[in-house]
Amino acid sequence: MLQVLQNVKITLKSKESYIFVTELQAIPTEDKDFKILYSRNPFPTAELIKIIDALIKMLQGAWDFTNYSMDINYQY
């Protein structure tokens, strides 16, 4: 799982500053809320990398924060 997350992070770093709505909407999902939440504004790539970093730290047992909202800079 750590390797998968590292690979995702590498892919994200190669993208532009935002993941555009068209790309977000192209993600296959049955979650109708996902399609609604990510239907208006592009998602900042740096914020997604911040989430991936937190997941990596959690899996390594090194994430010691209690703010689970992570203050993600995104408005839908």
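These numbers come from a predicted model, not from an experiment.

Visitor: What should I look at first to understand the nonpolar core in this one?
Guide: Leu5, Leu12, Ile19, Leu24, Phe43, Ile49, Ile52, Ile56 and Tyr74 form the largest nonpolar core, which has 9 residues in total. For this core, the elements supplying multiple residues, two or more each, are α1 (2–13) and α4 (45–60). Leave out the neighbours within four places in its chain, and leucine 5 touches Ile52, Leu55, Ile56 and Leu59.

Visitor: What is the right way to look at the pattern of salt bridges in this model?
Guide: When charged atoms on two side chains of opposite charge get close, those side chains can pair. If you walk through the whole model with that rule in mind, you get 3 salt bridges. Aspartate 53 is the partner of lysine 9 in a salt bridge, and the nearest nitrogen-oxygen pair spans 2.6 Å. With lysine 9 in helix α1 and aspartate 53 in helix α4, this residue pair connects regions lying 44 residues apart in the sequence. A relative accessible area of 16% means that lysine 9 is categorised as buried. A salt bridge links glutamate 23 to lysine 15; its shortest N-O distance comes to 2.7 Å. Judged by its relative accessible area of 36%, glutamate 23 is partly exposed.

Visitor: Whenever I open this one, the confidence of the model for the protein confuses me. Can you help?
Guide: The predicted coordinates should not be examined in detail at positions where pLDDT is low. In the predicted model, the protein carries a mean pLDDT of 90, and the fraction of residues at 70 or more is 100%. Looking at the elements of the protein, mean pLDDT is at its lowest for helix α3 (residues 32–37), recorded as 88, and at its highest for α1, recorded as 95.

Rules and cut-offs
- All residue numbers refer to positions counted from 1 along the written sequence of the respective chain.
- With pLDDT at 70 or above as the cut-off, local features in this predicted model cover only qualifying residues; side-chain atom pairs require 80 or more to be listed or tallied, and sums for whole chains, interfaces and linings still use all residues.
- Side-chain measures were taken over the full set of non-hydrogen atoms in the model, leaving aside hydrogen atoms and water.
- Residue types Ala, Val, Leu, Ile, Met, Phe, Trp, Tyr and Cys, when buried and joined through side-chain atoms within 4.5 Å, form a set referred to as a nonpolar core.
- To sort residues, take the accessible area from a 1.4 Å probe on protein chains only and compare it with the maximum for the residue type: under 20% means buried, over 50% means exposed, and anything in between is partly exposed.
- Strands are runs of DSSP state E lasting at least two residues, helices are runs of H or I lasting at least four, and both sets are numbered from the N terminus onward.
- In this description, contact between two residues means that some pair of their heavy atoms is separated by no more than 4.5 Å.
- By convention in these notes, a salt bridge is any Lys or Arg side-chain nitrogen within 4 Å of a carboxyl oxygen on Asp or Glu.
- Each residue carries a pLDDT value, the predictor's own confidence for that position, ranging from 0 to 100.

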